[in-house]
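# Observations on chain architecture
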Protein chains: 2
Amino acid sequence: MDEAISVSGDDLKATVASIFEKVGVPPEDAEVGADVLVLADLRGVDSHGVSNMLRSYLGGYQRGEINPRPNMSIVRETAATASVDSDRGLGTIVTPKAMEIAIRKAKEVGVGMVTIGNSRHLGMASYHAMLALEHDMIGICMTSAPPRMVPTFGAEPRLGTNPIAVAVPARNEPPFVFDAATSSVAQNKIEIARRLGADLEPGWLATEDGTPIMEEVPVPETYHLLPVGATRELGSHKGYGLACVVDIFAGVLTGFGYGAVPGRPNFGHYVAAYNISGFDDPDHFKDEMDGWLQMMKSTKPAPGHERVLVAGQPEAEMEAVRRKDGIPLHPEVVQFMRDTCAELSVRCLF
Amino acid sequence: MDEAISVSGDDLKATVASIFEKVGVPPEDAEVGADVLVLADLRGVDSHGVSNMLRSYLGGYQRGEINPRPNMSIVRETAATASVDSDRGLGTIVTPKAMEIAIRKAKEVGVGMVTIGNSRHLGMASYHAMLALEHDMIGICMTSAPPRMVPTFGAEPRLGTNPIAVAVPARNEPPFVFDAATSSVAQNKIEIARRLGADLEPGWLATEDGTPIMEEVPVPETYHLLPVGATRELGSHKGYGLACVVDIFAGVLTGFGYGAVPGRPNFGHYVAAYNISGFDDPDHFKDEMDGWLQMMKSTKPAPGHERVLVAGQPEAEMEAVRRKDGIPLHPEVVQFMRDTCAELSVRCLF
């Protein structure tokens, strides 16, 4: 494998923002879209970073599937809630605006909750959830994606990978940031295994007819994703049920349909902000969170493991490294970026 | 095994309510406590019904660990939020009152969210979530329980079984009711396997040192529960992360500590109500939910399975049967009830 090329987060972000602008996205929005993609790279969530998503976003804009200048509107509203029509905007860019609405409502009444219909791909869910942190709020984000996952006992995909992100502020510790698909494994891990000729782990996939694959075998030609838990005995009805909750909150509740609606040409999203001060003194809460995080991380490890991690910790550690050393990009990705910049007459900063 | 004895839900409920009253619970509260227990039995959630929980609740009252006449108070409040000190009240009985507060707030501002600290066992989480349904609201309930489950890679229990319940109204279909522990399997399934001399399923438990048991072996003398997903490869960090979310929402956020606080002598709970009308026309939403539920249930089944189920459906089917035919109680349970009634001079209605 060719050696990766290190690119600074700032250079990558400025370059991506210029590319977004060239396909018609207003400068302020282009900045946000680039920030979401590059933060994923900085935190080691490469599946949702520039290398994995930019090509798809560009194609969406160029084919007219994503609206570069959406007229986002509030369809319905109460003091604590809103539902928003994102007018075919990229979720990556419109969701931070929905989160702003949620945060404003949480300042006023303690909780803000916003659904976003008629949208496109979300980007890294935890980006949006983490926007709540600086306001001493808990942030939540979910997205109802197109079907790829079978229900427990099912032979047809009915649910997307439907991730859930939850961000909780602490004082001196890095925040708790949970961000996970409700499927057993991420789609891109399967494709990486296929590329490398590696065997599947048991419980990652179902065959075409819905049977969970519980042996270590090569990646089959066709397959479906399984809910986390893999089989009923191992608790797949829990992963399946949570994927349903996401499909309801970020799909049905938007009023724009759910993942399996035939031809629904969009993603639905859901964000919420809970104001800590509506429940407890925020300083007391953040001290408690520091204690809770330290307690969890200091758990005695099981044999063969060095330490116990807590959600958000590996990403915070990776972010510290990559902010210093840059983001390692595969030479093919660098070439794609340079070619794209050349095509669009954008200056590539690396 | 001796044959089960069928008891009508009404007789069981009236008998249980009389028992609660005899240990000092006011009549109205006794009625609620009995309703929660018996609804679990009616819905086939025997782990949280009379046979499995009443003995423990009675012991708690008799030892003075549960306060039969708690003075529940609101510690902090905004338009959409509240945190409540339940004054050592049984969660089963105080949580419906907290849910009433959440529903009232959701009527006013769209969302209501209430934490309940200094409490005792919750009972069936979905009971409390389902209280929202008749108001055209989505109901949520979680509970932070004492540690029994290891974190991924961990050798010490740091988290309870920490269940999540979500109830969503539909029009003609039974409501969507998800209610599941974030552990791979319920504690009582392990004890049933031990009693029957049956082998474990792979991925149900960890050994004392935290190693996941991935073979079919007899139940070991000592063990820990695993998060849903069982191993890191199968996604146990997702079950672990969700158990953490529950411990934060229903533990840290109550201001009364979390599951692993040494000697925390209590459970913490969390309820929320989301008013559908804050997001969409409730009639449109409920029609959509009917369509969504039918879509999910009509999924083509995988080989070896007759049908695909959706959360709340098996429980609704069981409830229909048991409301007609009664609740089958093991003769030992019937004897325990009769003995308890005799001891407390309460009339046993069966």
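Described below are features of the structure shown in this document. Predicted, not measured: the structure shown is a model, and the values here were computed from it. (Residues numbered from 1 in each chain as written. Chains lettered and ligands numbered in written order. Predicted model: local features only at pLDDT ≥ 70, side-chain atom pairs only at ≥ 80, totals over all residues. Heavy atoms only, no water.)

This part covers the interface of chain B and chain A. Taken together, the contact pairs 90 residues of chain B with 90 residues of chain A. Surface buried jointly by chain B and chain A totals about 7,100 Å² across both partners, of which 70% is contributed by carbon and sulfur atoms. When the buried area of chain B at its contact with chain A is split by residue, Phe153, Lys238 and Phe279 of chain B rank highest and sum to 11% of it. For the interface between chain B and chain A, the tally reads zero salt bridges. Taken together, chain B and chain A are joined by 32 residue pairs in polar contact (both at pLDDT 80 or more). Looking at the side of chain B that touches chain A, the element that brings in the most residues is helix H7 (residues 236-250) of chain B, giving 10 residues. (Contact = heavy atoms within 4.5 Å. Buried area = accessible area lost by both parts, 1.4 Å probe. Salt bridge = Lys/Arg side-chain N within 4 Å of Asp/Glu carboxyl O. Polar contact = N/O pair within 3.5 Å; in protein donor to acceptor, adjacent residues only side chain to side chain. Helix = DSSP H or I, 4+ residues; strand = E, 2+ residues; numbered from the N terminus.)

The geometry of an aromatic ring pair is captured by the separation of the ring centres together with the interplanar angle, meaning the angle of the planes. Applying the stated criterion across every chain yields a total of eight aromatic pairs over all chains. Taking 5.6 Å as the distance between ring centres and 65° as the angle between the ring planes, the aromatic pair formed by Tyr274 of chain A and Phe249 of chain B counts as edge-to-face. Here Tyr274 of chain A is found in strand E10 (residues 267-275), whereas its partner Phe249 of chain B is found in helix H7 on a different chain. The pair formed by Tyr274 of chain A and Phe249 of chain B is uniform in burial state, with each residue classed as buried. Plain terms: the ring middles of Phe176 of chain B and Trp292 of chain B are 5.7 Å apart, the flat faces sit at 80° to each other, and that makes the pair edge-to-face. (Phe/Tyr/Trp six-rings, centres within 6.5 Å; stacked < 30°, edge-to-face > 60°. Buried < 20%, exposed > 50% of the residue type's maximum accessible area, 1.4 Å probe, protein only.)

Residue and element names in this part refer to chain A. Inspection of the secondary structure assignment puts Ile66 in the loop between helix H3 (50-62) and strand E2 (73-77). Taking the C-alpha atoms as reference points, Ile66 and Ala17, separated by 49 residues in sequence, lie 16 Å from one another. If we ignore the near neighbours within four places in the chain, the residues touching Ile66 are Tyr57, Gly60, Tyr61, Arg88, Gly89, Leu90 and Arg120.

Looking now at the nonpolar core. With 106 residues, the main nonpolar core has Phe176, Tyr274 and Trp292 of chain A together with Phe176, Tyr274 and Trp292 of chain B as its most contacted residues. With nine residues, H7 of chain B is the single largest residue contributor to this core. Residue contacts for Phe176 of chain A: discarding those within four places in its chain leaves Val166, Ala167, Val168, Met289, Trp292, Leu293, Val310 and Ala311 of chain A together with Gly241, Cys244, Val245 and Ile248 of chain B. (Core = buried A, V, L, I, M, F, W, Y, C linked by side-chain atoms within 4.5 Å.)

Below, the discussion takes up the pairing of strand E4 (residues 111-119) of chain A. All names here are of chain A. With nine of nine residues buried, E4 is to be regarded as a mostly interior element. Alignment of strand E3 (residues 81-85) against E4, held across five bridges, turns out to be parallel. Residue pairing across strands places Ser83 opposite Thr115, the latter belonging to E4. Viewed along the sheet, the connection from E3 through helix H4 (residues 91-109) into E4 turns out right-handed. Pairing analysis gives seven bridges linking E4 to E10, with the strands arranged antiparallel. When the bridges of E10 are listed, Val114 appears paired with Val271. (Pairing = 2+ DSSP bridges. Right-handed = clockwise from strand over helix to strand, strands pointing away.)

All quantities given are derived from atomic positions and should not be read as evidence of function.
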